[in-house]
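Descriptive structure summary
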Amino acid sequence: MPFQPPLPSEYAAQSRDDIIARIQRHKNSFGPSLVVLGHHYQEDDVIRFADFTGDSLKLSQIAARQKHARYVVFCGVHFMAESADILTGDDVAVILPDLSAGCSMADMAHIDQLEDAWDFLTAATDATIVPITYVNSSADVKAFCGRHGGACCTSSNARLILEWALDRGQKAIFLPDQHLGRNTACAMGHALDSMVLYDPKQRDGGLSAQSVRDSTFILWKGHCSVHGLFTTANCDEIRGLDPAFNILVHPECSREVVQRSDYAGSTEYIIKTVGDAPPGTKWAIGTEIHLVTRLAAAHPDKTVRSLAGIQCLCTTMYRIDIKHLLYVLDQLAAGRVVNRITVPPDVKRDAVLALDRMLANAAPQPASVD
Ligand code: 13P
Ligand code: SF4
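All of the points below concern the structure found in this document. This one's a predicted model, so the numbers in the text were calculated from it and none came from an experiment. (Residues numbered from 1 in each chain as written. Chains lettered and ligands numbered in written order. Predicted model: local features only at pLDDT ≥ 70, side-chain atom pairs only at ≥ 80, totals over all residues. Heavy atoms only, no water.)

So, the site of ligand 2
Contacts to ligand 2 come from Tyr41, Val77, Cys103, Ser104, Met105, Asn136, Cys224, Val226, Glu252 and Cys314. At a threshold of 2 Å from the grid points, most atoms of ligand 2 map onto the largest pocket. Of the residues in the shell around ligand 2, the class split is seven nonpolar, two polar and one charged. (Near = heavy atom within 4 Å. 1 Å grid on protein atoms, 1.4 Å probe; cavity = no way out; pocket = protein on both sides within 12 Å on 5 of 7 lines; lining within 4 Å. Sits in = over half its atoms within 2 Å of the grid points. Nonpolar A, V, L, I, M, F, W, Y, C, P; charged D, E, K, R; others polar.)

If you want it as structure tokens, here you go:
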């Protein structure tokens, strides 16, 4: 992860109101040459400046449309800014306000580990294996999938992409999120015994060649540290508290949690499900706390709470704050592009194949602020 130097001390001294006013002035003066994108897990103070909000898929689609912007400031995490750089032209500078805003899941699949896995898996079987990476991965991993006939997916279109993969080969390797892979394959009607777990920390992933030959899905042993916090005990507690609660979770939660829930789906699915629900309904939601809090505020006629008693917060998303946003905009106003995320051209060339296949297998999303 790139190093984020501490901000100059003047930023610590400024009041929240001053910071907000200064960011707004920058936005007014840059006009349409500046586009701010905000992932739903960002805090409200950041989201208020987003020209577009969305989940990973929607923000990728919106980034791909930014042909006229000069600067895209991505309020999200590193892999999202990399995807935006891959999908925009070279004349668009993609900026991540805090360079240390990474993703622990993306860090669980290093390109060298994937190369080793591929050598082992392709030696173990003559079947065609299609590599599918969740978009929560490095540009190098995306490029590998693009080069080897595979694709990226998000939680919104994982099923479509895995179906696409099995039209092209007999097996799919899915990385880095074992849970999204397992939940999606189960939703497609596949049995758990058609899946094996590849552990990149073990020799040959801890698998035998025979188990690879017998499998349809090779799931990478990675997970989201935020969604991994939700447990079946949380589900049981909510049911005990009030059986009227609907349990709605993100598919990065474990299989057991998804099985105990009433509904599971991507961030946009969660937002739509709560939005479409009748007044008076009760929702316990298994996803990042900033989104849950925003949904509760947006729907005062419904009861919306976190599935867990503890705060399930994505600490890396949270590194993006209004001070860092102001800092990058101050620098831009002074003619300096800082915190630019640039994917090398050779990586971009292959990664765009994987991202384009992802976008080709997704429903269009509205390009408005939610
Ligand atoms: P989506 O934005 O695809 O729902 O994924 C959630 C997430 O964990 C983003 O990092
Ligand atoms: Fe990564 Fe999970 Fe945070 Fe998303 S919520 S950025 S997958 S750690």
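Section: helix H11 (residues 232-241)
When we look at burial in H11, the residues that qualify are Asn234, Cys235 and Ile238. Down the axis, H11 shows its buried residues gathered within 100° of arc, on one side only. Facing away from the buried side of H11, by more than 90 degrees, are the exposed residues Glu237 and Gly240. Against strand S10 (245-249), helix H12 (255-260), strand S12 (282-286) and strand S13 (303-306) lie the buried residues of H11. (Buried < 20%, exposed > 50% of the residue type's maximum accessible area, 1.4 Å probe, protein only. Helix = DSSP H or I, 4+ residues; strand = E, 2+ residues; numbered from the N terminus. Arc of directions from axis to C-beta. Contact = heavy atoms within 4.5 Å.)

Observations regarding the packing of aromatic side chains
Enumeration over the complete set of coordinates arrives at five aromatic pairs. A ring pair is formed by Tyr11 and Tyr327, whose centres lie 5.7 Å apart and whose planes are at 85°; its orientation type is edge-to-face. Here the residue Tyr11 occupies a position in helix H1 (residues 10-13), and Tyr327 occupies one in helix H15 (residues 322-333), the gap between them amounting to 316 residues. By relative accessible area, Tyr327 is classed as buried at 15%. Judged by centre distance (5.7 Å) and plane angle (40°), the ring pair of Tyr263 and Trp283 falls under tilted. Taken together, the positions of Tyr263 in strand S11 (residues 263-264) and Trp283 in strand S12 put the pair 20 residues apart, joining distant regions of the chain. (Phe/Tyr/Trp six-rings, centres within 6.5 Å; stacked < 30°, edge-to-face > 60°.)

Thoughts on the site of ligand 1
Around ligand 1, the structure places His39, Tyr41, Asp55, Ser56, Phe79, Met80, Tyr134, Asn136, Ser155, His250, Glu252 and Thr267. Here an oxygen atom of ligand 1 sits 2.8 Å away from a polar atom, N or O, in the side chain of His39. A distance of 3.0 Å separates an oxygen atom of ligand 1 from a polar atom in the side chain of Glu252. For ligand 1, whose unbound accessible area comes to 300 Å², protein coverage reaches 96%. A majority-of-atoms criterion places ligand 1 in the largest pocket. Partitioned by chemical class, the residues of the shell around ligand 1 number four nonpolar, six polar and two charged. (Polar contact = N/O pair within 3.5 Å; in protein donor to acceptor, adjacent residues only side chain to side chain. Areas by Shrake-Rupley, 256 points an atom, 1.4 Å probe, with all protein chains shown as cover.)

Regarding unusual backbone geometry
Put simply, Leu175 and Pro176 share a cis peptide bond, and its omega is -10°. Relative to the helices and strands, Pro176 resides in the loop between strand S7 (171-175) and helix H9 (178-187). Positive phi, close to 55°, is recorded for Asn339, a residue that is not glycine. Given the relative accessible area of 12%, Asn339 is considered buried.

Here we look at the layout of surface pockets
By volume, the largest pocket is sized at about 340 Å³. Forming the boundary of the largest pocket are 30 residues, of which Tyr41, Asn136, Cys224, Glu252 and Cys314 lie nearest the centre. Sorting the residues of the lining of the largest pocket by element identifies helix H4 (56-64) and helix H5 (78-87) as the ones contributing at least two each. Residue composition of the lining of the largest pocket, by class: 13 nonpolar, 14 polar and three charged. (Points joined across faces, edges and corners; volume = space filled by probe spheres on them.)

Focus: the pairing of strand S9 (residues 217-220)
Neither face of S9 is exposed, since Phe217 and Leu219 on one face and Ile218 and Trp220 on the opposite face are all buried. Direction of pairing for S7 relative to S9: parallel, over a ladder of three bridges. The partner of Ala172 across the bridge, within S9, is Phe217. Sheet analysis places strand S8 (residues 195-198) next to S9, joined by four bridges and oriented parallel. Within S9, the residue paired with Val196 across the bridge is Ile218. Running through helix H10 (residues 209-214), the crossover from S8 to the neighbouring parallel element S9 is right-handed. (Pairing = 2+ DSSP bridges. Right-handed = clockwise from strand over helix to strand, strands pointing away.)

A word on the sheet that holds strand S6 (residues 151-153)
One open sheet holds the five strands; their spatial order is S6-S5-S7-S9-S8, and the pairing between them is parallel. Edge positions in the sheet fall to S6 and S8, since each of these pairs with one other strand and no more. Direction aside, neighbouring strands of the sheet carry axes that sit 25° apart on average. Across the sheet, helix H8 (residues 158-168) is in contact with strand S5 (129-134), S6, S7 and S9; its angle to S5 comes to roughly 165°. (Axes fitted to C-alpha atoms, helices over the stretch in contact; angles between N-to-C directions.)

Some remarks on the packing of helix H6 (residues 111-124) against helix H7 (residues 139-147)
Orientation of H6 relative to H7, taken along the N-to-C sense of each, is 30°, at an axis distance of 9 Å. By the angle between their axes, H6 is roughly parallel relative to H7. Here H6 runs over H7; the crossing is right-handed. Of the residues in H7, those touching H6 at Ile111, Leu114, Glu115 and Trp118 are Asp140, Val141, Phe144 and Arg147. Here the residues of the contact of H6 with H7 sort into five nonpolar, no polar and three charged. (Parallel < 35°, antiparallel > 145°, perpendicular 65-115°, else oblique. Left-handed = near helix turned anticlockwise from the far one by under 90°.)

Re empty space enclosed by the protein
For the structure shown, the criterion picks out one cavity of 30 Å³ or more. In this structure, the largest cavity spans a volume of roughly 40 Å³. If you go around the largest cavity, the residues you meet are Ser56, Leu59, Ser60, Phe74, Phe79, Met80, Ser83 and Val135. Breaking the lining of the largest cavity down by element, the ones donating at least two residues are H4 and H5.

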